[in-house]
Amino acid sequence: MRRPSFPVVVLAAIIVIVLLALASPLPFLMLGDRDLAEAQTAAAEEQYDRAVTLALLPPLKADALWGRARARLVLLRYDEAASDSTAVLELRPEQTAAYLCRAQARAKLGAHEPAATDFSAFLATFPDDAAALFGRANAYAILQRHADAAADLTRYLVLHPGAADALALRARSYSALAEWQNAVTDYAATLETGQDTANMLAGRGYAYLQLGQLDEAVVDLSKAVEQKADGAERNRTALADALYRRAQNEVEAGALPKALADLNDAIFADATRADIHTLRAFAALELERYADTVTAATQAIELAADSTAAYAYRAYALAQRGELELARADALRVIDTAQSPPRERALAFYARAIVAEAQGRDKAAIGDASDALALGVLSPRREMTLYVLRASARLQLETYSEAIADFDRAEQREPTDALKRVIFAGRGYAFLQQDSFVRAGDEFSAALRLGPEDAWLYQQRGMAYAGRRKYDLALEDYNRSIELDGRQAAFYVNRGIVHAAQKEYEAALADFDKALANSNDETLSNWTRSYILLTRSAVHSQKADEASRELKDLLGKVDEGDRAQWAKRFQSSFSGMRDRVRTIQEQVGLMAEQFGAMEKLDLPDWYLVFASKSRESLELQVEGFAAFEQLWTRTNTLVTALPKLVDTLDNAAKSSALSRAAFQKYEAYLDRFDYTGARQLTASMRQELEGFRDTMQKIQRESGLTFVADAVDLFDKQLEYTRALDRLTDAQQAGDYRRFLGVLSELDKLETQISAASKRMSAWGDEFDRWEQRNLTPLVDKAKQKFEAAKALSEEAAKIFDEGRSRITVKQPRRLFPPPGRT
């Protein structure tokens with residue numbers, strides 16, 4: 001066989017070399033490295049892919065896979081990058097960088113636990129590799145291994161101080177570890193870099209919130225929400241919480257407007273929290289913004305139907321607004337909840353007390369106010385107004401001492417001037433009803449110093465002055481009250497009463513007419529009509545009194561001189577005296593008509609009984625005067641016979657026991673309070689009268705004249721009169737005014753009886769005696785009967801009026817100041 005020639009061999013070798021070169025991965029590896037370095041990542045991957053295909057030797061294959069893994073990582077083909085990295089590590093375990101590549105790929109794929117393991121494997125060889133430290137820290141953070149993450153980041157920041165990403169991630173880890181101060185520091189450092197501002201503000205705001213630095217928290221969280229940081233819902237929730245907690249502090253500190261502003265912002269951040277609405281209702285309540293209270297409490301109840309606090313606040317606010325039934329329903333819900341806290345129960349009782357007082361259920365108002373106060377949790381201001389409310393209810397129930405005690409308690413709690421005015425006015429009213437007119441006037445004066453333009457107060461003080469009969473001062477106050485408010489009918493009624501008390505009847509009637517014109521209340525109108533009738537009756541009484549005085553003057557003239565002169569003067573004055581009696585009778589009749597008109601008014605039964613008895617009394621007096629006029633007519637006939645009896649009557653007339661001087665002397669003793677002298681005088685009078693009576697008895701026995709029996713009876717009555725004088729002395733000495741009046745009444749009766757007996761005695765002789773019995777005695781008895789019956793009825797009527805007048809309720813403005821308990 002022939003050996004090939006040299007050129008042929010060389011050519012064959014060249015061909016083999018070329019073929020071997022074409023089948024080697026090395027060129028592709030070189031080209032891939034070049035492209036990767038030039039950021040031609042896709043081209044690099046193609047070169048590495050060819051190298052992987054051609055590489056037959058493990059080292060070359062490992063190089064090809066490592067290059068392709070890096071290219072695919074850049075191309076974000078993380079599954080393939082991780083797979084290539086795994087293959088590299090299988091062929092070449094010492095290729096530590098493949099751990100880093102696979103770790104990064106796995107982290108991108110969300111396989112954080114294996115990624116952390118790969119980062120750790122890499123860091124075992126390169127402990128200060130920043131990328132690996134940051135990558136593992138991020139994986140740890142996602143795996144909630146925050147302490148490990150913070151440790152890695154701390155090492156990283158030593159290598160890269162001020163790195164914003166690392167600071168931000170460590171801040172979040174510190175937050176997760178509740179290391180809030182460290183978190184604040186890192187968030188602040190991140191913010192200084194200007195990166196991720198919104199989220200950093202959100203994080204720092206939350207950290208501040210946990211540290212209780214609420215002002216700082218509100219600032220950061222507000223900005224975070226405004227800049228729409230990530231986790232918008234969480235940020236709004238945190239902001240709402242920061243605002244709520246700050247508002248709680250502000251409420252405790254009494255900074256209520258600030259608290260309310262924060263709560264409004266909190267609701268804007270998160271309107272779903274019932275506790276925010278509830279605290280807002282409370283803040284508005286304390287600021288007396290009751291419409292806002294109702295709105296906020298209603299929103300709280302819609303979010304949490306079992307919120308007794310919200311019901312309590314709403315009940316109180318509704319009561320203050322006058323929405324009584326709604327307030328009562330809310331209050332009842334709180335009161336019926338056994339576990340409701342004391343403050344909420346107290347407010348509910350308070351609200352229900354306001355409702356009850358406004359509805360005129362005064363006993364219920366007192367009970368609820370007492371229950372609220374007993375809990376001992378109300379503020380001094382609310383305690384104060386609640387005492388005033390309870391006092392007001394007690395005024396209506398006429399328990400005036402208890403009302404005064406409550407007003408005193410309210411005054412001890414440093415009330416405002418406005419509430420002081422209420423306290424003084426209420427206490428003054430209580431004193432007025434107790435007839436403590438001086439103290440009442442002092443209280444009303446104190447109230448007027450705080451509210452000098454208050455017509456109601458002038459009226460009340462005017463009544464206090466009137467009670468003390470200081471009518472001029474009362475009129476000044478009544479005039480001032482009418483200047484301030486001329487529409488109140490009761491004001492004119494009161495002024496009219498004072499005018500009537502001063503006998504200024506025309507002025508009184510003018511005021512009563514104005515009261516009727518201004519009144520829209522039938523009860524007040526009826527009382528006013530009654531006062532008009534009483535005033536007119538007083539006018540008639542005045543005219544009757546004038547006639548009575550004139551009659552008394554005529555009788556005084558007749559009574560002068562001896563009996564013969566008396567008879568003559570009686571005859572000459574008879575016509576004038578008869579006219580006076582007729583005038584008195586006419587005026588009394590007109591008075592009866594006035595009381596008859598009163599009976600037709602719609603007034604309380606006791607008052608109608610008073611009017612009825614007064615009318616009957618006056619009508620009886622009219623009848624008595626009619627009999628009296630007849631008696632006087634017949635007496636005129638009698639006195640023509642008197643001169644014939646003068647001699648008989650002189651002896652009796654000269655008796656010291658019957659002399660006017662004796663009685664004047666007795667009256668002088670009483671005026672000097674010389675009771676011993678008075679008794680000695682009446683004793684001497686009895687001694688003289690007993691002697692005269694004994695003489696008359698003897699004459700009677702000796703003569704048998706019936707007239708003498710009349711004389712004996714006369715002196716017995718006079719003796720009884722002296723004994724009555726002793727009883728009068730005893731009553732005056734004992735200061736027993738009622739007994740004193742009773743004895744005076746008895747003396748009046750005795751005087752009537754003595755007068756009748758004297759007249760009978762003066763009719764000496766059987767014939768004249770028969771004439772007297774037939775013509776005068778029946779009329780005397782009839783007049784006496786009528787007048788006595790009239791007097792009894794008049795006394796009954798007066799007693800009924802005295803007992804009932806305290807129940808006369810003339811409607812007045814109940815208050816011209818805010819109702820107690822409301823603000």
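The rules behind each value
Residue indices begin from 1 for each chain and proceed along its sequence in written order. Restriction of local features to residues with pLDDT of at least 70 applies here, the model being predicted, together with a cutoff of 80 or more for giving and counting side-chain atom pairs; totals for whole chains, interfaces and linings are based on all residues. In computing side-chain properties, one takes all heavy atoms of the structure into account and sets aside hydrogens as well as water. Note on conventions: DSSP H or I runs of at least 4 residues are helices, E runs of at least 2 residues are strands, and numbering of each starts at the N terminus. Relative accessibility under 20% of the residue-type maximum defines a buried residue, over 50% an exposed one, and the middle range a partly exposed one, all with a 1.4 Å probe and only protein chains included. A contact between two residues is defined here by any heavy atoms of the two lying within 4.5 Å. To measure how exposed things are, a 1.4 Å probe is used in the Shrake-Rupley method; for residues, cover is taken only from the protein chains shown. Residue-level confidence of the predictor is summarised by pLDDT, bounded by 0 at the bottom and 100 at the top. Salt bridges are identified by distance alone: a Lys or Arg side-chain nitrogen within 4 Å of an Asp or Glu carboxyl oxygen. To estimate how far a helix should extend, the number of its residues minus one is multiplied by 1.5 Å. Here, axes are lines fitted to C-alpha atoms. For helices the fit covers the stretch in contact, and angles between N-to-C directions go from 0 to 180 degrees. Orientation labels follow simple angle bins: below 35 degrees gives roughly parallel, above 145 gives roughly antiparallel, 65 to 115 gives roughly perpendicular, and whatever is left gives oblique. Throughout, a crossing is termed right-handed when the near helix is turned clockwise from the far one, and left-handed when it is turned anticlockwise from it by less than a right angle. Classification of ring pairs uses Phe, Tyr and Trp, with its six-membered ring standing for Trp, and accepts pairs whose centres are within 6.5 Å; under 30 degrees between planes counts as stacked, over 60 as edge-to-face, and the remaining range as tilted. For a lysine, the NZ atom is tested; for an arginine, the CZ atom; a charge sits over a ring if that atom is within 6 Å of the ring centre and within 35 degrees of the ring normal. Candidate patch residues must exceed 30% relative accessible area and have no salt bridge, after which like charges are joined if within 9 Å and Val, Leu, Ile, Met, Phe, Trp or Tyr side chains if within 5 Å.

As for the overall build of the protein
Moving on, step 1. Secondary structure summary: the protein contains 39 helices and 0 strands in total.
Moving on, step 2. Out of the 823 residues belonging to the protein, those deemed buried represent 48%.
Moving on, step 3. Put simply, of all contacts in the protein between residues at least 6 apart along the chain, 57% involve residues at least 24 apart.
Moving on, step 4. For the protein, the exposed surface amounts to about 40,200 Å²; the carbon and sulfur share of it is 51%.

Some remarks on the side chain of Thr 293
Moving on, step 1. Note on placement: Thr 293 falls in helix H17 (residues 290-303).
Moving on, step 2. Contact partners of Thr 293, with chain neighbours within four places excluded, come to Ala 281, Ala 284, Leu 285, Tyr 313 and Ala 317.

Notes on the environment of Ser 24
Moving on, step 1. Locating Ser 24 in the fold gives a position in the loop between helix H1 (6-22) and helix H2 (26-37).
Moving on, step 2. The exposure class of Ser 24 is buried, given its relative accessible area of 18%.
Moving on, step 3. Considering only alpha carbons, one finds Ser 24 and Leu 57, 33 residues apart in sequence, at a separation of 9.9 Å.

Thoughts on the confidence of the model for the protein
Moving on, step 1. For the protein, the average pLDDT comes to 85, and 87% of its residues sit at 70 or higher.
Moving on, step 2. When mean pLDDT is compared element by element in the protein, helix H25 (residues 437-450) scores highest at 95, while helix H33 (residues 642-653) scores lowest at 47.
Moving on, step 3. Across residues 15-22, confidence stays below pLDDT 50; counting only partners more than four residues off in sequence or on other chains, it has 2 contacts.

With respect to the pattern of salt bridges
Moving on, step 1. Across all of its chains, the model carries 59 salt bridges by this definition.
Moving on, step 2. Between Asp 477 and Arg 461 there is a salt bridge; the shortest N-O distance is 2.7 Å. Of this pair, Asp 477 sits in helix H27 (residues 471-484) while Arg 461 is found in helix H26 (residues 455-467), placing the two residues 16 residues apart along the sequence.
Moving on, step 3. The exposure class of Asp 477 is buried, given its relative accessible area of 5%.
Moving on, step 4. Three or more residues joined by partner-sharing salt bridges are found here, namely Glu 45, Asp 49, Arg 68, Arg 72, Arg 77, Glu 80 and Asp 84.

A look at helix H12 (residues 197-211)
Moving on, step 1. Taking 1.5 Å per residue as the helical rise, H12 with its 15 residues ought to reach 21 Å, and the 21 Å between its terminal C-alpha atoms agrees with that figure.
Moving on, step 2. Counting buried residues in H12 gives 11 out of 15 residues, a clear majority hidden from the surface.
Moving on, step 3. Every buried residue of H12 is accounted for by Ala 198, Asn 199, Met 200, Leu 201, Ala 202, Gly 203, Arg 204, Gly 205, Ala 207, Tyr 208 and Leu 209.
Moving on, step 4. Considering only its buried residues, H12 is in contact with helix H10 (164-176), helix H11 (180-193), helix H13 (214-226) and helix H14 (232-253).
Moving on, step 5. Gly 212 occupies a position one or two residues after H12 and carries a positive phi of about 80 degrees.

As for the packing of H14 against helix H16 (residues 274-286)
Moving on, step 1. At a minimum axis separation of 11 Å, H14 and H16 run at an interaxial angle of 30 degrees. On the basis of the axis angle, H14 is roughly parallel to H16. Considering the relative orientation of H14 and H16, their crossing is left-handed. Every residue of H16 that contacts H14 at Ala 240, Tyr 244, Ala 247, Gln 248 and Val 251 is listed here: Asp 275, Ile 276, Leu 279 and Phe 282.

What to know about unusual backbone geometry
Moving on, step 1. Non-glycine residue Leu 76 carries a positive phi angle of around 65 degrees.
Moving on, step 2. Position of Leu 76 among the secondary structure elements: in the loop between helix H4 (58-74) and helix H5 (78-91).
Moving on, step 3. Judged by relative accessible area, Leu 76 falls into the exposed class, the value being 55%.
Moving on, step 4. For Asp 435, which is not a glycine, the phi torsion comes out positive at approximately 65 degrees.

Re the packing of helix H23 (residues 400-411) against helix H24 (residues 417-433)
Moving on, step 1. Viewed as axis vectors pointing N to C, H23 and H24 meet at an angle of 160 degrees, and their least axial separation amounts to 9 Å. With respect to each other, H23 and H24 are oriented roughly antiparallel. Our pair here, H23 against H24, has a crossing hand that is left-handed. Side by side, H23 and H24 meet where Tyr 400, Ile 404, Phe 407, Asp 408, Ala 410 and Glu 411 of the first sit next to Val 422, Ile 423, Phe 424, Gly 426, Arg 427, Ala 430, Phe 431 and Gln 433 of the second.

Focus: the packing of aromatic side chains
Aromatic ring pairs are reported here in terms of the distance separating the ring centres and the angle at which the planes meet.
Moving on, step 1. Throughout the structure, instances matching the rule amount to 14 aromatic pairs.
Moving on, step 2. Arranged with centres 4.9 Å apart and planes meeting at 35 degrees, the rings of Phe 122 and Phe 126 form a pair that is tilted.
Moving on, step 3. Looking at Phe 122, the relative accessible area reads 5%, which means it is buried.
Moving on, step 4. Take Phe 126: its relative accessible area is 41%, and that puts it in the partly exposed class.
Moving on, step 5. Here Trp 527 and Tyr 607 contribute two aromatic rings whose centre-to-centre distance is 4.9 Å and whose plane-to-plane angle is 75 degrees, an arrangement assigned as edge-to-face. Residue Trp 527 is found in helix H30 (residues 522-558), and its partner Tyr 607 is found in helix H32 (residues 605-639); the two are separated by 80 residues along the sequence. Like Trp 527, the residue Tyr 607 is buried in the burial classification.
Moving on, step 6. An aromatic cluster is present here, built from Phe 512, Trp 527, Tyr 531, Phe 595, Tyr 607 and Phe 610 joined pairwise through their rings.
Moving on, step 7. Directly above the aromatic system of Tyr 206 lies the positively charged group of Arg 234, at a separation of 4.1 Å from the ring centroid.
Moving on, step 8. Over the ring of Tyr 244 we find Arg 273; its NZ or CZ atom is 4.9 Å from the centre of that ring.

Considerations on a nonpolar patch on the surface
Moving on, step 1. A surface patch of nonpolar side chains, amounting to about 300 Å² of accessible area, comprises Tyr 737, Leu 741 and Leu 744.
Moving on, step 2. Here Leu 741 lies in helix H37 (residues 737-762).

Description of the side chain of His 146
Moving on, step 1. The topology assignment puts His 146 in helix H9 (residues 146-159).
Moving on, step 2. Those residues within four positions of His 146 in sequence are excluded, and the remaining contacts are Tyr 140, Ala 141, Ser 173, Ala 176 and Leu 177.

A look at H11
Moving on, step 1. For H11, which comprises 14 residues, the first-to-last C-alpha distance of 20 Å matches the rise-based estimate of 20 Å (1.5 Å per residue) to within 8%.
Moving on, step 2. Each element contacted by the buried residues of H11 is listed here: H10 and H12.
Moving on, step 3. Following H11 by one or two positions, Gly 194 adopts a phi angle in the positive range, close to 80 degrees.

Looking at the environment of Arg 234
Moving on, step 1. Positionally, Arg 234 belongs in helix H14.
Moving on, step 2. It is 9.8 Å that separates the C-alpha atoms of Arg 234 and Asp 270, two residues lying 36 residues apart in sequence.

A closer look at the environment of Gln 210
Moving on, step 1. By secondary structure assignment, the location of Gln 210 is in helix H12.
Moving on, step 2. Expressed as a C-alpha distance, the spacing of Gln 210 and Gln 181, which sit 29 residues apart in the sequence, is 9.4 Å.

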